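Geometric and topological summary
Take a look at the letters that make up each chain.
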Amino acid sequence: AVVSTQSTGVQFSLVKQFEVRQFEKACIAMEGDYVPEIIVLVVQKRIRTRLFHSEGSEIRNALPGTVLDHTVTSDHLYDFFLVSQHVNKGTAAPTHYIVVHDTTTLKPEHVQQLAYKLTHMYYNWAGTVRVPSVCLYAHKLAYMHGQHLHAPAAPELKDKLFYL
């Protein structure tokens, strides 16, 4: 599961305390003894951090797929920065990923690769997007529901992508 939000340290514990429990309860409700491995990431795109790399004497934007998981990351959080898009003009802005709950056996590099691959899967754009596609789908769904439906969505649409 990937949760997109602009959380602070206090909000991380709320995400873990309430949202993770809801995922677990939903899984148990579907299949009584099913306890899935769950990883929840908070995705932050409004950050001030910028990443660069040097080529000889030139300093350039970090390339798409660049991950930084040391030096500028938090000492007390499981977090990393990921540059997912190529930038022709201006400065490449990474996205900050914070893992707030992890019961999986995934290695950090596999979580980072999954996050990067999910930026390639947004159906409205042929290239990469800045945040994982599931975050954009969730945002689009919440916006459409709030602005247009003014009622619960029809049950037969819940598993369809066409209305996103």
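Below is a short write-up of the structure. Numbering of residues starts from 1 in every chain and runs along the sequence as written. Where totals are concerned, whole chains, interfaces and linings use all residues; where local detail is concerned, this predicted model gives features only for residues with pLDDT of at least 70, and gives and counts side-chain atom pairs only at 80 or more. Computation of side-chain values: all heavy atoms of the structure, hydrogens and water removed.

Let us now look at the overall build of the protein chain. Here a strand is any run of E in DSSP of at least two residues, a helix any run of H or I of at least four, and the numbering for each starts at the N terminus. Along the protein chain, the regular secondary structure elements total three helices and seven strands. Going from N to C terminus, the protein chain has its helices and strands arranged as β-α-β-β-β-β-β-β-α-α. The C-alpha extent of the protein chain, read off along each of the three principal axes, is 60 × 35 × 25 Å. Only protein chains enter the accessibility calculation, which uses a 1.4 Å probe; a residue whose area is less than 20% of its type maximum is buried, one above 50% is exposed, and one in between is partly exposed. When each of the 164 residues of the protein chain is scored for burial, the buried share is 31%. Expressed as a percentage of contacts within the protein chain between residues at least 6 apart in sequence, the contacts between residues at least 24 apart total 57%. Any pair of residues with heavy atoms lying within 4.5 Å of one another is described as a contacting pair.

Below, the discussion takes up the pattern of salt bridges. Think of a salt bridge as a Lys or Arg side-chain nitrogen and an Asp or Glu carboxyl oxygen that are within 4 Å of each other. Applying the stated criterion across every chain, the model contains two salt bridges. The partner of E55 in a salt bridge is R60, with the nearest N and O atoms 3.1 Å apart. Judged by relative accessible area, which is 42%, E55 ranks as partly exposed. Its relative accessible area of 39% is what places R60 among the partly exposed residues. A salt bridge links E58 to R60; the shortest N-O distance between them is 2.7 Å. For E58, a relative accessible area of 42% translates into the label partly exposed.

Of all hydrophobic cores here, the largest spans 11 residues; its members are I39, L41, V43, F80, L82, Y97, V99, V111, A115, V131 and C135. For this core, the secondary structure elements donating two or more residues are β2 (39-44), β6 (78-83), β7 (95-102) and α2 (108-118). In terms of residue count, β2 provides more of this core than any other element does, three residues in total. One finds F12, V40, V42 and V100 within the second-largest nonpolar core, a separate group that totals eight residues. The term nonpolar core refers to a set of buried residues drawn from Ala, Val, Leu, Ile, Met, Phe, Trp, Tyr and Cys, joined through side-chain atoms within 4.5 Å.

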